[in-house]
Amino acid sequence: MNGRIVILTGAGISAESGLGTFRDVDGLWTKYDLNDVATPEGFARNPNLVMDFYNARRANAAEAEPNAAHEALARLEADYTGEILIVTQNVDSLHEAAGSKNVLHMHGALNSALCNACHHRWPAPALMASDDLCPRCNAAATRPDVVWFGEIPYGMDVIGEALSKADLFVSIGTSGEVYPAANFVAEADRYGAHTIELNLEPSARASRFAETRFGPATQTVPEWVN
Ligand code: BV8
């Protein structure tokens, strides 16, 4: 394997670490209305509900361990230093815990807090409250540092640049239901990259991939990496 590789990951890569996905049978969006907990409007309506939602996920994530799929990607990066970019939609830190270094959290991260007033970021406490004071401007305007629906994902310029130079685009554990991430395969393909989907089952974008392999990530990812 050679050349530049862009790897997109979603909740499915962390499923076998015990973290919930969103759209599977018992997924998060079957328990919560995403409009209440993953939009700025929902946060404005009921900040405590949103803080409870993210505090619970942060507690879950703190107990989770990286699995064989995260570890295989960390090995790949060690073998191809400088050639791998992981773009994750996940807000957990399991890629970093497995040893991956070049990780871009396009939907933000549970371990980061953001000030709605001055946009300062700081490491999130285990339990975050919306009236926590910003360490920089002292405003009581704290929010989770995650990208909600209707907000612009982080790093879109870096991602666009990486897709334009990619020789290989691999999508792991995502339903392909959320944009702009769901469009990365078409962008990579347009630039001539080979495209592979590794997922438990065909995603909404499966037909757009040159190659698809189905099964649990702890099997398909190490098989692909080795
Ligand atoms: C934006 C917050 C403008 C963090 C999340 C109409 C058409 C098209 C688009 C839109 C539209 N109306 C609105 C939009 C835009 C909207 C959107 O896409 N809506 C969808 C619902 C239609 N998108 C946005 O608003 C985005 N912003 O567009 O801004 C813009 C864009 C670019 C440039 C300038 C301006 C913002 C989207 C981010 C929203 N935030 N979450 C958090 O709480 O975590 S989204 C949420 O879904 C998560 O972030 C998650 O990462 C994301 C994707 O979910 P998946 O990771 O794919 O998880 P899912 O459960 O869906 O699937 C799991 C998969 O794993 C399944 O396929 C399953 O089979 C598989 N699996 C399960 N177990 C395993 C497995 N695979 C392998 N092994 C296993 N063991």
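Our structure's up above, just so we're on the same page.
The model shown is predicted, which means the values in this text are computed figures rather than measured ones.

**Focus on the pairing of strand S7 (residues 168-172)**
Of all the 5 residues making up S7, 5 are buried; the element is thus mostly covered by neighbouring parts of the structure. Covered by surrounding structure in S7 are Leu168, Val170 and Ile172 together with Phe169 and Ser171, the residues of both alternating faces. In terms of strand pairing, strand S1 (residues 5-9) meets S7 through 5 bridges, oriented parallel. Bridge pairing in S7 places Val6 opposite Phe169. As paired strands, S7 and strand S8 (residues 194-199) are joined by 5 bridges and run parallel to one another.

**Here's the deal with the sheet that holds S1**
Strand order across the open sheet formed by 6 strands is S3-S2-S1-S7-S8-S9, with parallel pairing between neighbours. Of all the strands in the sheet, the pair left with one neighbour each is strand S3 (103-105) and strand S9 (211-214). Averaged over all neighbouring strand pairs, the angle between strand axes comes to 15°, with direction disregarded. Sheet topology note: the S1/strand S2 (residues 84-88) ladder contains 5 bridges and is parallel. Residue pairing across strands places Thr9 opposite Thr88, the latter belonging to S2. Together, S1, S2 and S7 form the strand contacts of helix H6 (residues 68-79), whose direction differs from that of S1 by roughly 165°.

**With respect to the site of the ligand**
Close to the ligand lie 35 residues, the nearest being Phe22, Arg23, Arg57, Thr174 and Ser175. A distance of 2.6 Å separates an oxygen atom of the ligand from a polar atom in the backbone of Phe22. Alone, the ligand offers 1,500 Å² of accessible surface; in the complex the protein occludes 76% of this. Taken together, the residues of the shell around the ligand sort by class into 17 nonpolar, 11 polar and 7 charged.

The rules behind these values
- All chains use their own residue numbering, which begins from 1 and follows the written sequence.
- The predicted origin of the model limits local features to residues at a pLDDT of at least 70 and limits the giving and counting of side-chain atom pairs to 80 or more, whereas totals for whole chains, interfaces and linings rest on all residues.
- With hydrogens and water excluded, all non-hydrogen atoms of the structure serve as input to the side-chain values.
- The buried label applies to any residue whose accessible area, calculated with a 1.4 Å probe on protein chains only, is under 20% of its type's maximum; exposed applies above 50%, and partly exposed to all values in between.
- Starting at the N terminus, helices and strands are each numbered in turn, a helix being any DSSP run of H or I of at least four residues and a strand any DSSP run of E of at least two.
- In short, DSSP must find at least two bridges between two strands for them to pair.
- Axis definition: a line fit to C-alpha positions, over the contact stretch in the case of helices; interaxial angles, taken between N-to-C directions, run 0 to 180 degrees.
- Throughout, a residue-residue contact means that at least one pair of heavy atoms, one from each residue, lies within 4.5 Å.
- The near set for a molecule or strand comprises every residue that places at least one heavy atom within 4 Å of it.
- Two N or O atoms count as a polar contact when they lie within 3.5 Å, although within protein this holds only if one can serve as hydrogen donor and the other as acceptor, and sequence-adjacent residues are included solely when both atoms are side-chain atoms.
- What sets the accessible areas is the Shrake-Rupley method with a 1.4 Å probe; for residues, cover comes only from the shown protein chains.
- When residues are grouped by polarity, Ala, Val, Leu, Ile, Met, Phe, Trp, Tyr, Cys and Pro land in nonpolar, Asp, Glu, Lys and Arg in charged, and all others, Gly among them, in polar.

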